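The primary structure of each chain is shown beneath.
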Amino acid sequence: VVAADKEEETLDFTDKKSFANEKEKWEKVAEVFRNAHKKNKSSGIAAMFLAYYSEALINLDKIEEAIVVLSGAIDAMKNYEIREYYRLKLALMKIDSNEGSTVTEGLAALIKLAADEKSIVHDSALYNLGLHYWSNKNFDEAKKYLNQLLLKYGKDSDIPSPWAEKAEEKLGLIDGKIK
């Protein structure tokens, strides 16, 4: 009975403990999800424990470790749609890592997602790729991807995207036609 009470206290930390700072909170979140994954490796939601563990690592500024953990989570994900969203997240994390070869890997993954018109994250990949090039002042490449997004997912499209309006704003800035 004592062991069960201790385990319950460990898992139910939000109501029973306060944290001195954000770092302490995210360390506890990381510990809980890492342990949950260890205890439930063969369950259907094991990959999600890793995904949340990765999120905690991001908040602890452990980006390289978060990338490794999220890569493992994606490999274990069975659901195509969820896997695609996390592939997009992983590509963006790699691009933001500022580590040369990791950035290159992330950019290649994002280009691959943007090339796959059947991907559930196609519109988001196009926007983020355009935004990447826009941020790096490569406006020709930015226009290429942002225009693809508008053509396929603009307001007159059968499947409009919430990213289309943002793409239009960026294109307006590039062309000097701020709306």
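Report follows, based on the coordinates. Since this is a predicted model, take the numbers as computed values, not measurements. (Residues numbered from 1 in each chain as written. Predicted model: local features only at pLDDT ≥ 70, side-chain atom pairs only at ≥ 80, totals over all residues. Heavy atoms only, no water.)

1. Topic: helix α9 (residues 139–153)
Part 1 of the reasoning: For α9, built from 15 residues, the straight-helix expectation of 21 Å at 1.5 Å per residue is met to within 8% by its first-to-last C-alpha distance of 20 Å.
Part 2 of the reasoning: Against α7 (100–115), α8 (122–135) and α10 (162–175) lie the buried residues of α9. (Helix = DSSP H or I, 4+ residues; strand = E, 2+ residues; numbered from the N terminus. Expected span 1.5 Å × (residues − 1). Contact = heavy atoms within 4.5 Å.)

2. What about a positive patch on the surface?
Part 1 of the reasoning: On the surface, a cluster of positive charge is contributed by R34, K38, K41 and K62.
Part 2 of the reasoning: By secondary structure assignment, the location of K38 is in helix α3 (residues 22–39). (Patch = residues over 30% accessible without salt bridge, like charges linked within 9 Å, V, L, I, M, F, W, Y side chains within 5 Å. Areas by Shrake-Rupley, 256 points an atom, 1.4 Å probe, with all protein chains shown as cover. Salt bridge = Lys/Arg side-chain N within 4 Å of Asp/Glu carboxyl O. Lys, Arg positive; Asp, Glu negative; His and termini not counted. Charge placed at Lys NZ, Arg CZ, Asp CG, Glu CD.)

3. Some remarks on the pattern of salt bridges
Part 1 of the reasoning: In this structure the tally under the stated criterion is nine salt bridges.
Part 2 of the reasoning: For the salt bridge of E22 with K25, the shortest nitrogen-to-oxygen distance reads 3.3 Å. You can see E22 and its partner K25 sitting in helix α3, three residues apart, about one turn around the helix.
Part 3 of the reasoning: Two residues, K94 and E105, come together in a salt bridge whose shortest N-O distance is 3.2 Å. With K94 in helix α6 (residues 80–96) and E105 in helix α7, this pair connects stretches of sequence that are eleven residues apart.

4. Looking at the packing of aromatic side chains
Part 1 of the reasoning: One pass over the structure, following the stated rule, counts four aromatic pairs.
Part 2 of the reasoning: Between F33 and F49 the ring centres are 6.3 Å apart and the planes differ by 40°, which places this aromatic pair in the tilted class. Within this pair, whereas F33 is found in helix α3, its partner F49 is found in helix α4 (residues 46–59), the two being separated by 16 residues in sequence.
Part 3 of the reasoning: Among the residues examined, F49 registers a relative accessible area of 16% and is labelled buried.
Part 4 of the reasoning: Aromatic side chains F33 and Y52 sit 5.3 Å apart centroid to centroid with 35° between the ring planes, which places their arrangement in the tilted category. With F33 in helix α3 and Y52 in helix α4, this pair connects stretches of sequence that are 19 residues apart.
Part 5 of the reasoning: Counting every residue linked through ring pairs, the aromatic cluster contains F33, F49 and Y52.
Part 6 of the reasoning: Note that K170 overlies the ring of W134, its terminal NZ or CZ placed 3.8 Å from the centroid. (Phe/Tyr/Trp six-rings, centres within 6.5 Å; stacked < 30°, edge-to-face > 60°. Buried < 20%, exposed > 50% of the residue type's maximum accessible area, 1.4 Å probe, protein only. Lys NZ or Arg CZ within 6 Å of the ring centre and 35° of its normal.)

5. A word on the environment of S124
Part 1 of the reasoning: By secondary structure assignment, the location of S124 is in helix α8.
Part 2 of the reasoning: Look at S124 and you get buried, because its relative accessible area is 9%.
Part 3 of the reasoning: With 38 residues separating them along the chain, S124 and P162 place their C-alpha atoms 8.9 Å apart.

6. Some thoughts on the packing of α3 against α4
Part 1 of the reasoning: Two numbers describe how α3 lies on α4: the axes approach to 8 Å, and their chain directions differ by 160°. In terms of their interaxial angle, α3 and α4 are classed as roughly antiparallel. For the crossing formed where α3 meets α4, the hand is left-handed. Contact residues: α3 offers W26, V29, A30, F33, R34, A36 and H37, while α4 offers A46, F49, L50, Y52, Y53, A56 and N59.
Part 2 of the reasoning: Across the contact of α3 with α4, the residue classes break down as eleven nonpolar, two polar and one charged. (Axes fitted to C-alpha atoms, helices over the stretch in contact; angles between N-to-C directions. Parallel < 35°, antiparallel > 145°, perpendicular 65-115°, else oblique. Left-handed = near helix turned anticlockwise from the far one by under 90°. Nonpolar A, V, L, I, M, F, W, Y, C, P; charged D, E, K, R; others polar.)

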